Amino acid sequence: MPYFAIHCIDKADSAELRAATRPAHLAHIDQFKDQVLVAGPLLRPDGRTMGSLLIMEFDDRDTAIAFANADPYHQAGLFESRSVTNWHKVLP
């Protein structure tokens, strides 16, 4: 199965929305945990969260986009931008 990088940047001043939606977001990812290569928040230099990065296996890009569209963070309007990009693992 190919990998896809889901790269998301939060809207400004959205820390409360992120915190309120986090349990549902984690539950969503947990349903696909066998497909997760790596996942976690993107951080500003001061350590505050500014977005999310997930690298996951899916059959195709349409399935990756459907997963991203169903993410409670996306549905709550947390993200200023989001991209779903094919990714090729080289190392390790």
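So, a few notes on the structure that sits alongside this text. Model, not experiment: these values are computed from the prediction.

Calculation notes
- Residues numbered from 1 in each chain as written.
- Predicted model: local features only at pLDDT ≥ 70, side-chain atom pairs only at ≥ 80, totals over all residues.
- Heavy atoms only, no water.
- Pairing = 2+ DSSP bridges.
- Helix = DSSP H or I, 4+ residues; strand = E, 2+ residues; numbered from the N terminus.
- Axes fitted to C-alpha atoms, helices over the stretch in contact; angles between N-to-C directions.
- Contact = heavy atoms within 4.5 Å.
- Expected span 1.5 Å × (residues − 1).
- Buried < 20%, exposed > 50% of the residue type's maximum accessible area, 1.4 Å probe, protein only.
- Patch = residues over 30% accessible without salt bridge, like charges linked within 9 Å, V, L, I, M, F, W, Y side chains within 5 Å.
- Areas by Shrake-Rupley, 256 points an atom, 1.4 Å probe, with all protein chains shown as cover.
- Salt bridge = Lys/Arg side-chain N within 4 Å of Asp/Glu carboxyl O.
- Lys, Arg positive; Asp, Glu negative; His and termini not counted.
- Arc of directions from axis to C-beta.
- Polar contact = N/O pair within 3.5 Å; in protein donor to acceptor, adjacent residues only side chain to side chain.

Attention now goes to the sheet that holds strand β2 (residues 36-43). Pairing within the open sheet is antiparallel, and its four strands lie in the order β2-β3-β1-β4. On the outer flanks of this sheet lie β2 and β4 (79-87), each paired with one strand and no other. Neighbouring strand axes in the sheet, compared pairwise and without regard to direction, differ in orientation by 10° on average. Relative to strand β3 (residues 49-57), β2 runs antiparallel, the two sharing seven bridges. Along β3, the bridge assignment pairs P41 with S52. With respect to the sheet, helix α1 (residues 15-30) is in contact with β1 (3-10), β2, β3 and β4, its orientation differing from that of β3 by roughly 5°. Running at roughly 155° to β4, helix α2 (residues 61-70) makes contact with β1, β3 and β4 of the sheet.

For α1, built from 16 residues, the straight-helix expectation of 22 Å at 1.5 Å per residue is met to within 8% by its first-to-last C-alpha distance of 22 Å. Buried within α1 we find R18, T21, H25, H28 and I29.

With that out of the way, let us pick up a nonpolar patch on the surface. Taken together, the side chains of L37, V38 and W87 make up a nonpolar region of the molecular surface, amounting to roughly 230 Å² of accessible area. If you trace the backbone, V38 turns up in strand β2.

Next up on the list: the side chain of D71. Of note, D71 is situated in the loop between α2 and α3 (72-75). No salt bridge forms around the buried D71; measuring N to O, its nearest opposite-charge neighbour R82 is 7.3 Å away. For D71, the residues in contact, after removing those within four places along its chain, are H25 and H28.

Another aspect to go through is α2. Among all positions in α2, only A64, F67 and A68 are buried. An end-on view of α2 places all buried positions within 95° of arc, on one side of the element. Against the buried residues of α2 lie β1, α1, β3, α3 and β4. In this structure D60 caps α2, since a side-chain oxygen of it lies 3.3 Å from the backbone nitrogen of D62.

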